[in-house]
Amino acid sequence: MQDRYHAELMMDEPDFRKRFQSIRRRALVLLTDVIALSYLWTLASYCWNRFVLGTGSYITLPWWAMIIIAIEIAAVWENFGVSLGMHLLGVRLSSRSEESNPANHALRYLLWHIAPLSLISFFFSSKEEPWHDRVTHLYAVSAAEVEEKRVSWYRTSWKNALALIGVLTVLTAVGVTDMDLYALFTRASRTGRIWTRLLNPNFSLLGSGFRLLIVTIYMAFMATIFAIVVAVPLSFFAARNLAQGIIGRAIYTVVRVAISITRSIDAIIWAIIFLVWVRVGAFPGVLALFVHSIADLTKLYSERLESIDPGPVEAIRAAGGNKLQVILYGIIPQIINPYLSFTLYRWDINVRMATIIGIVGGGGIGQSLYQYMKVSDYSSAGMMMLLIVVTVWSIDYISARLRARLN
Amino acid sequence: MDEQLVIEHLSKVYERGEVLALNDVSFTVKKGEFLVVIGLSGSGKSTLLRCINRLIEPTAGKVFFEGVDVTAASSRELLRIRRKMGMIFQQFNLVKRSSVLTNVLAGRLGYVNPWLSVIHKFPREDIELAFKNLDRVAIRDQAYKRADELSGGQQQRVGIARALMQEPDLLMADEPVSALDPATSHSVMKYLEQMNQEDGVTVITSLHFLSLARRYGTRILALKDGEIVFEGLPSEIDEARFKEIYGDEAEHVEVS
């Protein structure tokens with residue numbers, strides 16, 4: 001009885017899954033290497049063009065030629081050494097206790113070019129390894145099975161590749177951003193007039209600036225309050241550990257995708273969209289902050305939910321509590337303070353963002369700051385900046401103090 | 001009814017068939033027994049206890065509690081069945097930020113009107129019962145402290161008081177003393193023994209130490225790799241059986 005049951009549970013497992021995983025891992029290794037090598041090639045050719053030839057183009061070869069070369073180099077790399085992809089995915093080439101033979105590596109490199117055929121037949125065959133592994137006595141095995149000598153970093157090819165990618169990335173960054181240190185150090189005096197005006201603010205604007213400031217603070221307040229109402233319930237659907245069943249998982253995915261798209265669109269872009277939608281003023285600014293805050297708070301809240309202690313939840317379930325009681329007694333006491341803390345933090349961000357949003361026409365003090373700057377009235381702009389600095393500093397301070405008490 | 005809990009061919013498979021946590025486990029528990037489940041870490045003790053009240057859904061097999069098929073119960077029926085099965089956990093599973101009293105009252109949630117529990121309103125009798133149970137485990141004076149201000153042994157006593165709020169017929173304890181030092185272990189085990197002997201509550205507990213199992217158990221069940229390898233009286237476990245359960249390299253460790 002016992003054995004029959006055991007057999008039923010363990011033997012029914014189809015072998016296809018294992019083989020599919022093996023094939024997928026090989027494909028991912030190649031993909032990783034090709035991406036890394038193509039990136040390296042692109043950077044190298046850009047740096048060559050920019051710093052040696054003095055032109056601005058990125059690629060000297062057509063893209064398809066670059067890919068073919070990258071695949072070929074990857075093939076050499078993977079068959080004769082440990083490539084970056086092999087390292088990242090934990091794959092090694094092993095001769096399985098037999099003597100390693102260089103000719104086998106060369107043969108495997110040649111056979112590698114028909115590996116797709118070998119892998120397709122492998123998927124349907126009953127053999128443990130694909131044909132091109134068996135012929136060359138070199139098997140793609142998990143890194144955990146192979147004992148490796150310690151080798152210094154400069155003699156390890158994947159580390160060399162990473163170092164090269166790092167250096168070339170910095171060089172490319174210097175090139176594409178038109179870094180000009182000469183201008184930075186020689187032309188500072190041209191801004192002298194702006195600085196003197198900014199530092200002599202026009203105090204006659206104190207009253208009107210203060211009124212604009214109040215608008216800005218309330219914009220942030222409105223956006224935060226309404227975002228809480230939406231984000232708190234939404235966060236329960238966006239927490240992986242609470243998403244159960246097919247429907248739960250589907251909702252989780254939809255909410256997660258929606259908030260990451262919303263978050264990735266900057267609040268300024270949202271402000272421009274809402275300006276067109278509901279006309280210029282503080283209200284589109286509120287809406288922009290509101291939408292962005294929902295996404296941000298939902299993400300922060302749901303991440304907190306994902307790290308709750310599952311113990312109390314289990315205890316309430318064991319005591320016969322229903323789903324609502326599990327949330328009220330097992331989850332909420334654990335999240336209430338972190339939620340308040342995140343909300344304060346977001347309100348703090350919203351005050352700062354509200355001034356920026358004013359620049360595109362979202363109302364409040366930011367809008368008049370921008371207008372004064374545009375007409376070169378720097379001393380009026382200085383007054384606005386002074387008010388913003390004082391406000392942001394004090395809200396930052398208050399929010400930090402309150403959050404410290406919550407933790 | 002003599003046999004309070006009947007387990008038939010219970011199996012649990014994790015991760016799409018790759019880990020067999022319980023393999024065809026069958027046994028019965030009589031009312032008033034103090035059954036100790038022993039075995040190495042990963043032998044399936046926790047899974048077994050959680051399959052009984054379906055905190056973990058068993059893959060195959062049946063569980064009957066007082067004649068009712070737990071495995072076939074609807075989710076509403078399951079809540080009623082769970083009310084009668086108290087549970088105590090290795091890590092206490094208290095809400096650390098809540099007060100001791102709130103934690104204890106949470107054990108009563110299966111009984112109270114769900115709508116009143118929304119506003120954290122408990123009947124007066126339940127609050128009195130909570131204090132009575134805190135009294136039983138001798139921590140009445142800690143009722144308004146935050147749970148995480150208490151020591152480990154005290155926290156586990158809160159866990160016991162919470163389970164008592166269910167007025168259970170069966171008390172399950174998953175490694176109740178593994179997180180505690182030896183001296184505190186005995187005080188906690190003695191409360192379980194007291195409930196078993198005075199109230200007639202059936203106790204099923206998993207334990208790490210054989211010495212504790214011998215001292216408190218009326219019957220012992222040993223698991224190894226998800227299968228029952230021994231079932232019988234504490235006195236029947238000799239050196240050979242010990243090696244069979246814990247492996248050849250195991251040594252006796254005493255908790256005195």
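The notes below deal with the structure included here. This one's a predicted model, so the numbers in the text were calculated from it and none came from an experiment.

**Focus on the overall build of chain B**
Reasoning step 1: Across its full length, chain B holds nine helices and 10 strands.
Reasoning step 2: In terms of overall dimensions, chain B is globule-like: its C-alpha atoms have a radius of gyration of 18 Å, near the 18 Å expected for 256 residues.
Reasoning step 3: Projected onto its principal axes, the C-alpha positions of chain B cover 55 × 45 × 35 Å.
Reasoning step 4: Looking at chain B as a whole, 58% of its 256 residues qualify as buried.
Reasoning step 5: Within the structure as shown, chain B displays about 11,000 Å² of accessible surface, and the carbon and sulfur contribution to it stands at 49%.
Reasoning step 6: Between the mean site of the 32 positive side-chain charges and the mean site of the 37 negative ones, chain B shows a separation of 8 Å.

**So, the packing of helix α16 (residues 323–359) of chain A against helix α18 (residues 378–406) of chain A**
Residues and elements named next belong to chain A.
Reasoning step 1: The interhelical angle for the contact between α16 and α18, taken along N-to-C directions, is 175 degrees, at an axis separation of 9 Å. Classified by the angle between their axes, α16 and α18 sit roughly antiparallel to one another. On α18, the residues touching N337, L340, S341, L344, Y345, W347, D348, V351, R352 and T355 of α16 are I388, T391, V392, I395, D396, S399, L402, R403 and L406.
Reasoning step 2: The class makeup of the residues in the contact of α16 with α18 is 10 nonpolar, five polar and four charged.

**As for the pairing of strand β8 (residues 202–206) of chain B**
All names here are of chain B.
Reasoning step 1: The buried fraction of β8 is high, at five of five residues.
Reasoning step 2: Looking at chain direction, strand β3 (residues 34–38) and β8 are connected through four bridges and run parallel. Bridge assignment links V36 to a residue of β8, and that residue is T205.
Reasoning step 3: By the bridge criterion, five bridges tie strand β7 (residues 170–174) to β8 in an arrangement that is parallel. From the neighbouring strand, M172 faces β8, where its bridge partner is I204.
Reasoning step 4: Read as a crossover between parallel neighbours, the route from β7 over helix α7 (residues 182–199) to β8 is right-handed.

Each value, and the rule that gives it
Residues numbered from 1 in each chain as written. Chains lettered and ligands numbered in written order. Predicted model: local features only at pLDDT ≥ 70, side-chain atom pairs only at ≥ 80, totals over all residues. Heavy atoms only, no water. Helix = DSSP H or I, 4+ residues; strand = E, 2+ residues; numbered from the N terminus. Rg over C-alpha atoms; globule rule 2.2 N^0.38 Å. Buried < 20%, exposed > 50% of the residue type's maximum accessible area, 1.4 Å probe, protein only. Areas by Shrake-Rupley, 256 points an atom, 1.4 Å probe, with all protein chains shown as cover. Lys, Arg positive; Asp, Glu negative; His and termini not counted. Charge placed at Lys NZ, Arg CZ, Asp CG, Glu CD. Axes fitted to C-alpha atoms, helices over the stretch in contact; angles between N-to-C directions. Parallel < 35°, antiparallel > 145°, perpendicular 65-115°, else oblique. Contact = heavy atoms within 4.5 Å. Nonpolar A, V, L, I, M, F, W, Y, C, P; charged D, E, K, R; others polar. Pairing = 2+ DSSP bridges. Right-handed = clockwise from strand over helix to strand, strands pointing away.

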